[in-house]
Amino acid sequence: MEPIEKNVLLRVRHLSKSYNKEPVLKDISFKVKKGETKVIIGPSGTGKSTLLRCLNRLTRPDSGQIWLDGVEVTSSKTNINKIRQSIGMVFQDFNLFAHLTVLDNVRIGPTRVKKIPKREATELALDMLSRVGLVDKAGAYPAELSGGQQQRASIARTLAMRPKLMLFDEPTSALDPELIGEVLIVMKNLVKSGMTMVVVSHEMGFARSVCDEIIFVEKGVIVEQGPPDELFLRPKHRRTKEFLSKITELYGKSEG
Amino acid sequence: MEILETLAAIGKSIIPVLRGTEITVALTFSLLAIGLMMGLPLALGQVYGNKIISTIIVVYERTFRSIPALVLLFLFYFGPATFGIYISPFLAAILALGFRSSAYQSQIFRGAIQSIGQGQMMAARSLGMSKLKAIIYIILPLVLRRSIPSWSNEYSSVLKDTALAFAIGVIDLNRWGWRIAIRTQDPIIVFLVIGVIYFFLTLAGTRFLRWLEKELKIPGFQSRDTIG
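Source: prediction; values computed, not measured.

(A) Region of interest: the sheet that holds strand E10 (residues 221–226) of chain A. All names here are of chain A. The strand order across the open sheet formed by six strands is E6-E7-E8-E3-E9-E10, and the pairing between neighbours is mixed. If you trace the sheet from one side to the other, it starts and ends with strand E6 (87–90) and E10, each paired once. Here the average twist between neighbouring strands, direction ignored, is 15 degrees. Pairing geometry for strand E9 (residues 213–218) and E10, over five bridges, is antiparallel. Looking at the pairing, Val217 lines up with Ile222 of E10.

Written as structure tokens, this is what we have:
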């Protein structure tokens, strides 16, 4: 049974995952309260994406438990397709469905998965597209859009499922610098609207200004976690300090 | 003039020639249909199936790609007869060449499936789609589009393979050619005419598929026209 704790939406306990006996995640535990935004940072190859994919079981963890709103995601008895409907995922490479228009990309989840009538789904989709500022591109195909527009469309696609939790896997890493801002604005608006989010990103501007907690992961373990100011100003671990100063140098503080 | 006499003989045989063409076209369409209906699930099984399923499919596919079409025709025609089952030469030809085509088509589709990045499947699954739904709504529309150029090649290849079916007694275009050639004693002219008919059948099919490819092109993607 899940330990009862008020307002906790996502609870991860003792999560471990290896690939070919090479441990990628080692005993990861954390929780996310409703409406919180957590940003996961860490050097590349330290299992951040794997961790995110374990949360909606796109990757199966070897051990450990994940609960979403009282339902154990990791249990084999859980209908994972049902659970995934309430966990939105935004990918680094957008992964919009290439053969569908933007509108159909956003509509396909509600119509094909949730069986919502087409007219209702269209209204919902247009509503979500207006939230990300893309109503005028509803009829366009993904390949006709800029990277920033594609990522905003993919956020709209996720929102149309009305998720309880949203996962972002380096949502701005594949974007040209001048396109990053428009995606971060959409994400900030989501934070303000009370969405619960787990974000893998090195956008420190975003992390410092809106997230509740930064989780620093290295070599498959959580080295340190805490509110952004605490990690930036009073890091407990030497590695945290080194890593944060390095990415601040690389990505700059000002943006976002 | 001998040539004119031969052409006149072909002209007189216009009805049988048309009938032969009809049989060739029917044979081609039927075997391609079998190849498509079997090849697509075979490809999906090979990519998404478990180890047992994909192994069985690989054995099937290797077998049918390794035996000459003519040998398959004989096996499918004489094989059932040894068990007391009589099937017509036409049906035997459809099955032999259809199974063979399914093996080749499965590789066309497998290539197309594997050319689609994992991201499409992941995104579909992350929305809560089952694997089957993701295949039907996301993967297949992309796979079928991408398969058209190679499929066009398969079409032109099997159309001409059907000429082998005369060996088991199918009265197709090629077979009618023989009959007229024997009567007129002028095989060159007869088979030139037959060759021209095959040429135009090939051209019509590949033209149609090229048109289809353009028609289904996803806006914004590079096409042959824009790359060249």
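(B) View of helix H1 (residues 48–55) of chain A. Residue and element names in this part refer to chain A. Counted residue by residue, H1 has six buried out of eight residues, so it is predominantly covered. Among all positions of H1, only Lys48, Thr50, Leu51, Leu52, Cys54 and Leu55 are buried. Taken from the residues just after H1, Arg57 is the one with a positive phi, measuring 60 degrees.

(C) Just the pairing of strand E4 (residues 63–68) of chain A, in detail. All names here are of chain A. Relative to E4, strand E1 (residues 8–19) runs antiparallel, the two being bridged by five bridges. Within E4, the residue paired with Leu10 across the bridge is Leu68. Relative to strand E5 (residues 71–72), E4 is paired through two bridges, and the arrangement is antiparallel. Directly across from Leu68, in E5, lies its bridge partner Val71. Connecting E4 to the antiparallel partner E5 that follows it, the hairpin turn spans two residues, and Asp69 within it adopts a positive phi of roughly 50 degrees.

(D) Representation of the interface of chain B and chain A in the model. Taken residue by residue, the interface counts 21 residues in chain B and 24 residues in chain A. The contact between chain B and chain A buries some 2100 Å² in all, and 67% of this surface belongs to carbon and sulfur atoms. Together, Met122, Ser126 and Leu127 of chain B form the three largest contributors to the area buried by chain B at its contact with chain A, with a combined 29%. Across the contact surface, chain B and chain A share zero salt bridges. Where chain B touches chain A, the interface holds six residue pairs in polar contact (both at pLDDT 80 or more).

Reading guide: rules and limits
- Here the residue index of a chain counts from 1 through its sequence in written order.
- Chain labels run from A onward and ligand labels from 1 onward, assigned in the order the entries are written.
- Local features in this predicted model are restricted to residues whose pLDDT is 70 or higher, and side-chain atom pairs enter the listing and the counts only when it is 80 or higher, whereas totals over whole chains, interfaces and linings include all residues.
- Computation of side-chain values: all heavy atoms of the structure, hydrogens and water removed.
- In this scheme, strands are said to pair when DSSP sees at least two bridges between them.
- Helix and strand assignments follow DSSP, with helices taken as H or I runs no shorter than four residues and strands as E runs no shorter than two, numbered in order from the N terminus.
- All axes are obtained by fitting lines to C-alpha atoms, using only the stretch in contact for helices, and the reported angles, taken between N-to-C directions, cover 0 to 180 degrees.
- Residue exposure (1.4 Å probe, protein chains only): buried if accessible area is under 20% of the type maximum, exposed if over 50%, otherwise partly exposed.
- By the convention used here, residues are in contact when the closest approach between their heavy atoms is within 4.5 Å.
- Two parts placed together each lose some accessible area; with a 1.4 Å probe, that loss summed over both constitutes the buried area.
- A pairing counts as a salt bridge when a side-chain nitrogen of Lys or Arg comes within 4 Å of a carboxyl oxygen of Asp or Glu.
- Polar contacts here mean pairs of N or O atoms no more than 3.5 Å apart (in protein, one a potential hydrogen donor and the other a potential acceptor; neighbouring residues in sequence count only if both atoms are side-chain atoms).

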